[in-house]
Amino acid sequence: MTGAAAGRDLSGLRLALFTDTFAPQLNGVTRTLERLVQAIEARGGAVQVHTVADPGAVEEPQVRRWESTSFWAYPQLRIALPSRRQVLQAVAEWEPTLIHATTPFGVGLAGRHAARTLGVPLVTSYHTSFADYLRHYHLQALDAVAWPYLRWFHNSGQRTFAPSGAVADELRAHRFESVRIWGRGLDPLRFHPRFRTDVMRAAMGAGTRDLVVAYVGRLAPEKGVRVAMAAMQRVMRDRPHVRFAVAGDGPDELTCRKLAPAGTWFAGALHGEALSSFYASADILVFPSTTETFGNVVLEAMGAGVPVVAPDAGATLELASRESGALFRGGDSGSLASAVESLLDDPARRRAMSDAGLRIAAARSWDAIWDGLFGEYLALSASGDGRAMARVA
């Protein structure tokens, strides 16, 4: 096998994947999970996805969607409370060898219950810094119960997969057990400097002598986009040759549009080659979030040869460095503005950072990452006792 199908043979694996976020929702988790499904199927395994119903979803035979409603604090996300009996029936009929719950809410809880009731090995993965998000959505009152609840949920499985070493260390500090790292890779066919085009730069408002600063990601308070808007107001005040382009949508979009410098281009959510071109056609990418568990955007920008300005703390430091970009004090718009300005004024430094980022991105092989994760999958699948699978009527 070569390319996407290289690596471990998964012909005996039947994975039931439980997640409260999946396509057509667009975020780092959904993109990772879509790639996970594709990788398993390419290696001969089978996946049944349990997730929320979504008005924009396309019917797929391997995806079971449960009735859902919009989450009041974030309308783009949906929540579901599926019937435990119906979930048990569906899982028992499908006979998985492993259950993977990626979110600790309605659908993820249903997956946990099914695994424990049916005797199927359970793994979980930690994708989102929920404790940090509470503060951004003014739910600090829940902070005292967040970590105990997350620990209870994740410790009920045989493994908890963390996306980075920094997150793994944080989870272990909060007494999470059996933590393993499931990193992230990059598809060089999607993120590469060759996607830079004059057409995209024209859409960004850039002429031949202009420089484009870009942002890619959800427009949400926890992503630090307001910090980015304040920083770019300062950067563009005395630099008429600088353009600011934003790709993404979210609950903070109207506020971002009000705070953005005049002439900012809001491209909306981009997919496929349009997203590839957006990255590669920029000259600098700003990444203001301090709540990331990995930072897919940072790696994608590096693959496109674009220097990144990222915060000086958190999981993104495992990717971003002073070699491949510029660091700023997280949450400080003045520090972010200074870091952007220093790159705008130094083309030689930008070229050196672009080269360094490309080297880092080239070392992130998805095949190696999948081999590690799927090795864990197969070992745990073989250990399952399969009890009670036929006793759910």
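Above this text is the structure in question.
Note that the structure is predicted; figures quoted are calculated from it, not measured.

A. Just the layout of surface pockets, in detail. In this structure, the second largest pocket encloses a volume near 360 Å³. As for the second largest pocket, its lining consists of 23 residues, of which Arg31, Thr32, Arg35, Arg190 and Glu300 are closest to the centre. Of all the secondary structure elements, the ones that give two or more residues to the lining of the second largest pocket are α1 (28–42), α10 (272–280) and α11 (296–303). Within the lining of the second largest pocket, the residues separate by chemical class into nine nonpolar, eight polar and six charged.

B. Layout of the sheet that holds strand β8 (residues 159–162). Pairing is parallel in the open sheet, where seven strands are placed in the order β3-β2-β1-β6-β7-β8-β9. Taken across any chain shown, the strands that pair with only one partner, and hence form the sheet edges, are β3 (63–66) and β9 (179–181). In this sheet, adjacent strand axes meet at a mean angle of 25° when their direction is disregarded. Helix-sheet contacts for helix α6 (residues 165–173) involve β8 and β9, and the interaxial angle to β9 is about 175°.

C. Structural view of the packing of α11 against helix α13 (residues 347–362). Closest axis-to-axis distance for the α11/α13 pair is 7 Å, and the angle between their directions is 115°. With respect to each other, α11 and α13 are oriented roughly perpendicular. Along this stretch, α11 crosses α13, giving a crossing that reads as left-handed. Taking contact as the criterion, the partners of Leu299, Met302 and Gly303 in α11 are, on α13, Gly357, Leu358, Ile360 and Ala361. Tallied by class, the residues present in the contact of α11 with α13 amount to five nonpolar, two polar and no charged.

D. Representation of the packing of α1 against helix α14 (residues 366–383) within the structure. As a packed pair, α1 and α14 sit with axes 11 Å apart at the nearest point and diverge in direction by 75°. Taken together, the axes of α1 and α14 lie roughly perpendicular to each other. The residues of α14 that touch α1, namely those facing Thr32, Arg35, Leu36, Ala39 and Ile40, are Trp366, Trp370, Leu373, Phe374 and Tyr377. Split into classes, the residues belonging to the contact of α1 with α14 amount to eight nonpolar, one polar and one charged.

Rules used throughout
Residues numbered from 1 in each chain as written. Predicted model: local features only at pLDDT ≥ 70, side-chain atom pairs only at ≥ 80, totals over all residues. Heavy atoms only, no water. 1 Å grid on protein atoms, 1.4 Å probe; cavity = no way out; pocket = protein on both sides within 12 Å on 5 of 7 lines; lining within 4 Å. Points joined across faces, edges and corners; volume = space filled by probe spheres on them. Helix = DSSP H or I, 4+ residues; strand = E, 2+ residues; numbered from the N terminus. Nonpolar A, V, L, I, M, F, W, Y, C, P; charged D, E, K, R; others polar. Pairing = 2+ DSSP bridges. Axes fitted to C-alpha atoms, helices over the stretch in contact; angles between N-to-C directions. Contact = heavy atoms within 4.5 Å. Parallel < 35°, antiparallel > 145°, perpendicular 65-115°, else oblique. Left-handed = near helix turned anticlockwise from the far one by under 90°.

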